Amino acid sequence: MGRHAVALALLWAGTAALLLSAAALSVLPGRYLRLHALSPAALLGAPLVALALAVDTGPGRAAVKLLVIGLLVATGGTVTTMAVARATRRSETGR
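Rules behind the numbers
- Residues numbered from 1 in each chain as written.
- Predicted model: local features only at pLDDT ≥ 70, side-chain atom pairs only at ≥ 80, totals over all residues.
- Heavy atoms only, no water.
- Helix = DSSP H or I, 4+ residues; strand = E, 2+ residues; numbered from the N terminus.
- Rg over C-alpha atoms; globule rule 2.2 N^0.38 Å.
- Contact = heavy atoms within 4.5 Å.
- Areas by Shrake-Rupley, 256 points an atom, 1.4 Å probe, with all protein chains shown as cover.
- Expected span 1.5 Å × (residues − 1).
- Buried < 20%, exposed > 50% of the residue type's maximum accessible area, 1.4 Å probe, protein only.

**So, the overall build of the chain**
A count of helical and extended segments in the chain gives three helices and zero strands. Along the chain direction, N to C, the helices and strands of the chain fall in the order α-α-α. In terms of overall size, the chain is more extended than a compact globule, its C-alpha atoms giving a radius of gyration of 16 Å where 95 residues would be expected to give roughly 12 Å. The dimensions of the chain, computed from C-alpha atoms along their principal axes, are 55 × 25 × 10 Å. A sequence separation of at least 24 residues applies to 66% of the contacts in the chain between residues at least 6 apart. With an accessible surface of roughly 6,500 Å², the chain has 72% of that area assigned to carbon and sulfur atoms.

What follows is the structure, given as structure tokens:
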């Protein structure tokens, strides 16, 4: 299996995770359930797309940069989701 085939498989998996998250976001009721729908996009979708691009690019600085971007999105998405949940809860309780 060639490098491009692996990159294509990773790209399809990442795109599927992003589309499923978008569909769940539009269907789920309530703020907190919608926040749960964002997790697969942040933890799987965007990093898999970045990994697909890194594999397709081949070894080098560009691939390392893409992997760092995927890692930052994965960690930053989780932290952002937690911050939005806390801010939502504070606005609901009035604290």
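**Notes on helix H3 (residues 61-93)**
Compared with the 48 Å implied by 1.5 Å per residue over 33 residues, the 48 Å span of H3 between its first and last C-alpha is a close match. Burial in H3 covers these residues: Ala63, Leu66, Gly70, Ala74, Gly77, Thr81 and Thr88. Buried positions along H3 lie against helix H2 (31-57). Positioned one or two residues after H3, Gly94 has a phi angle of 85°, which is positive.

**A word on the environment of Arg3**
Relative to the elements of secondary structure, Arg3 occurs in helix H1 (residues 3-27). Residue classification places Arg3 among the partly exposed residues on the basis of a relative accessible area of 42%. With sequence-adjacent residues up to four places away left out, Arg3 is seen in contact with Val55, Asp56, Thr57, Gly58 and Pro59.

**Concerning the environment of Ala13**
Mapped onto the fold, Ala13 is located in helix H1. Sequence separation between Ala13 and Gly77 is 64 residues, and the spatial gap between their C-alpha atoms is 18 Å.

Read these as geometric descriptors, not functional statements.
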